[in-house]
Amino acid sequence: MIELRGKAVADAHKAILQEKVAAVGDSVITMAVLLVGEDHGAHMYATFMEKTAKNFGYGFVLKELPETATQDEVVTALQELNNDAAVHGILPLMPMPKHIDTEALIDMLDPKKDIDGLTTYNIGLVTAGKGGFAPCTAKACMAILNHYDIPVEGKHVVVIGRSQVIGKPVALMTLGAHGTVTMCHSRTPDLAEQVKRGDIVIAAAGRAHMITADMIKPGAVVIDVGINELEGKTVGDVDYEAVKDIASAITPVPGGVGSVTTTMMLEAVYEAYHA
Ligand SMILES: NC(=O)C1=CN([C@@H]2O[C@H](COP(=O)(O)OP(=O)(O)OC[C@H]3O[C@@H](n4cnc5c(N)ncnc54)[C@H](OP(=O)(O)O)[C@@H]3O)[C@@H](O)[C@H]2O)C=CC1
Ligand SMILES: Nc1nc(=O)c2c([nH]1)NC[C@@H]1CN(c3ccc(C(=O)N[C@@H](CCC(=O)O)C(=O)O)cc3)C=[N+]21
């Protein structure tokens, strides 16, 4: 079994990007994070992203609003970032508090600064295969497969989850790489049977250890996107300890997809700077 460590992937991508960034200068390329409320995952990501961006020599702006912020206040914060010429990319962290209409908010985001591919405009471009910003977590899954020379062409890819940030885009990307793709979700009646057909299994449901050893075809490649809390520990959607003996390769959590996602964000900010 090969452990698909994210750090090796992140380091390889950073090394290439670092040279281009050095030519621009320190703290010129700048990203902003819009963080509203108290969601644990969003706070965790904001912390990692700030550290990663600053270490890399990017400028970093954190716009943080309390759980009680109104729609108008969040919209105003977003528009300030849209209009700030020194900010090249904006990452609105999800989920936001329930009373915030995120659909309406997202489409106010300047598509040229939409580094996580959340706007309808970028979703359209990506879906049509015409470029645009794609969600960084989906890109991280593809970067891991590429880095470890795992071919997608001709393989049966099973994706668990159909969200706009992971499931859907990663299914499209693996389809684009000539995989035969099955998308599973909460209404899929025979999940175990579907997953068992996968040469490549991408788990993005957000359910701790829901993918068990009996669901995995021997020799399959398993990409675990999930970040869940179980008994005080961060675990993925895959029961790693049991699956690792059946899979040919598997990403750990933490240390897998998550650590590559932040690097994909650095690349997207650079792209936004150059656009
Ligand atoms: N590693 C990283 O960089 C990142 C990791 N994450 C993690 O990835 C996970 C998924 O995130 P996200 O896509 O935003 O989550 P969402 O809750 O938006 O989507 C979850 C998807 O999984 C499906 N699903 C839920 N339960 C089941 C089940 N029992 N069987 C089959 N399908 C199921 C849902 O189906 P339906 O559509 O029918 O409801 C839905 O499509 C989370 O753990 C999140 O923390 C998120 C962002 C980045
Ligand atoms: N618009 C939007 N896009 C997102 O991609 C998004 C979001 N909102 N909201 C919150 C979730 C959560 N998320 C993480 C990404 C990386 C790590 C990460 O770097 N994890 C490391 C470190 C973990 C650790 O040390 O504990 C790892 O997995 O190895 C964590 C969490 C992105 N999310």
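Note on numbering: residues in each chain are counted from 1, in written sequence order. The order in which chains are written sets their letters, starting at A; the order in which ligands are written sets their numbers, starting at 1. Note on the predicted model: pLDDT of at least 70 is required for a residue's local features to be given, and 80 or more for side-chain atom pairs to be given and counted; whole-chain, interface and lining totals, by contrast, use all residues. Hydrogens and water molecules were not included; the side-chain quantities draw on all heavy atoms of the structure.

Caption draft 1: Looking closely at the domain arrangement of the protein. For the protein, the assigned domains are domain 1 (21-113) and domain 2 (136-258). An automatic or database domain assignment is the source of the domain bounds shown. Relative placement of domain 1 and domain 2: their C-alpha centres are 28 Å apart.

Caption draft 2: Structural view of the UniProt feature "binding site: NADP(+)" (unreviewed entry) in the protein. UniProt positions are given in the numbering used here, feature names are shortened, and annotations may be inferred rather than shown by experiment. The feature "binding site: NADP(+)" (unreviewed entry), as annotated in UniProt, sits at Gly161, Arg162, Ser163 and Ile227 in this numbering. Helix and strand definitions here come from DSSP, where helices need a minimum of 4 consecutive H or I residues and strands a minimum of 2 consecutive E residues; each element is numbered from the N-terminal end. Counting through the fold element by element, glycine 161 comes out in the loop between strand 5 (156-160) and helix 7 (167-176). Those residues in contact with glycine 161 that sit more than four places away from it in its chain are Gly167, Cys184 and Ala204. As for its position among the elements, arginine 162 is in the loop between strand 5 and helix 7. Look past the residues within four positions of arginine 162 in its chain and what remains in contact with it is Gly167, Lys168, Met183, Cys184, His185 and Arg187. When checking whether two residues touch, look at their non-hydrogen atoms; a contact exists if any pair is within 4.5 Å.

Caption draft 3: Examining the packing of aromatic side chains more closely. By convention, a stacked pair of Phe, Tyr or Trp rings (six-membered ring in the case of Trp) has centres within 6.5 Å and planes under 30 degrees apart, an edge-to-face pair has planes over 60 apart, and any other such pair is tilted. Inspection of the entire model under this criterion finds one aromatic pair. A ring pair is formed by phenylalanine 56 and tyrosine 58, whose centres lie 5.4 Å apart and whose planes are at 90°; its orientation type is edge-to-face.

Caption draft 4: Summary view of the site of ligand 2. Residues in close proximity to ligand 2 total 16 residues, the closest being Pro92, Met94, Asp116, Gly255 and Gly258. Between N or O atoms, a polar contact is any pair within 3.5 Å; within protein, one atom must be a potential hydrogen donor and the other a potential acceptor, and residues adjacent in sequence are included only when both atoms are from side chains. In the model, a nitrogen atom of ligand 2 is placed 3.1 Å from a nitrogen or oxygen of the proline 92 main chain. Within the side chain of threonine 137, one N or O atom sits 3.3 Å away from an oxygen atom of ligand 2. Exposure was quantified through the Shrake-Rupley algorithm and a 1.4 Å probe, taking into account, for residues, occlusion by the shown protein chains and nothing else. Protein chains bury 80% of the 680 Å² of accessible surface belonging to ligand 2 in isolation. Only helix 2 (40-55), strand 4 (89-92) and helix 10 (257-274) provide two or more residues apiece to the shell around ligand 2. Nearness is defined per residue: one heavy atom within 4 Å of the molecule or strand is enough.

Caption draft 5: Broad picture of the site of ligand 1. Close to ligand 1 lie 21 residues; Arg162, Ser163, Ser186, Ile227 and Thr261 are nearest. The backbone of valine 225 places a nitrogen or oxygen atom 3.3 Å from a nitrogen atom of ligand 1. In the model, an oxygen atom of ligand 1 is placed 2.7 Å from a nitrogen or oxygen of the threonine 261 side chain. When isolated, ligand 1 has an accessible area of 930 Å², and the protein chains bury 68% of it. Take the shell around ligand 1: its biggest share by element is three residues, from helix 10. Asp, Glu, Lys and Arg are counted as charged, while Ala, Val, Leu, Ile, Met, Phe, Trp, Tyr, Cys and Pro are counted as nonpolar; the rest, among them Gly, fall into the polar class. Looking at the shell around ligand 1 residue by residue, the classes come out as nine nonpolar, 10 polar and two charged.

Caption draft 6: Broad picture of the packing of helix 1 (residues 6-24) against helix 10. Axis definition: a line fitted to C-alpha atoms, over the contacting stretch in the case of helices. Angles run 0 to 180 degrees between N-to-C directions. Closest axis-to-axis distance for the helix 1/helix 10 pair is 9 Å, and the angle between their directions is 20°. In this view, helix 1 runs roughly parallel relative to helix 10, as classed from their interaxial angle. The element helix 1 and its partner helix 10 pack so that their crossing is left-handed. Listed contacts from helix 10 to Gly6, Lys7, Val9, Ala10, His13, Lys14, Leu17, Lys20, Val21 and Val24 of helix 1 are Ser259, Val260, Thr263, Met264, Leu266, Glu267, Tyr270 and Tyr273. Grouping the amino acids of the contact of helix 1 with helix 10 by side-chain chemistry returns 10 nonpolar, four polar and four charged. These descriptions rest on fixed angle ranges, namely under 35 degrees for roughly parallel, over 145 for roughly antiparallel, 65 to 115 for roughly perpendicular, and the rest for oblique. By definition, any crossing whose near helix is turned counterclockwise from its far helix by less than a right angle is left-handed, and any crossing with a clockwise turn is right-handed.

Caption draft 7: The nonpolar core, seen in detail. Only buried residues count toward a nonpolar core. Its members are Ala, Val, Leu, Ile, Met, Phe, Trp, Tyr and Cys residues joined through side-chain atoms within 4.5 Å. To sort residues, take the accessible area from a 1.4 Å probe on protein chains only and compare it with the maximum for the residue type: under 20% means buried, over 50% means exposed, and anything in between is partly exposed. Counting residues in each nonpolar core, the largest one holds 53 residues, and the members touching the most others are Met31, Met49, Tyr58 and Ile223. For this core, the element with the highest residue contribution is helix 10, accounting for nine residues. Residue-level mapping places this core at the junction of two domains, with at least three residues from each of domain 1 (21-113) and domain 2 (136-258). The contacts of tyrosine 58, once residues within four sequence positions are left out, are Leu17, Val21, Ser27, Ile29, Ala53, Leu266, Val269 and Tyr270. The next biggest cluster of nonpolar side chains, apart from the first, holds 18 residues, and it includes Ile160, Ile211, Val238 and Tyr240.

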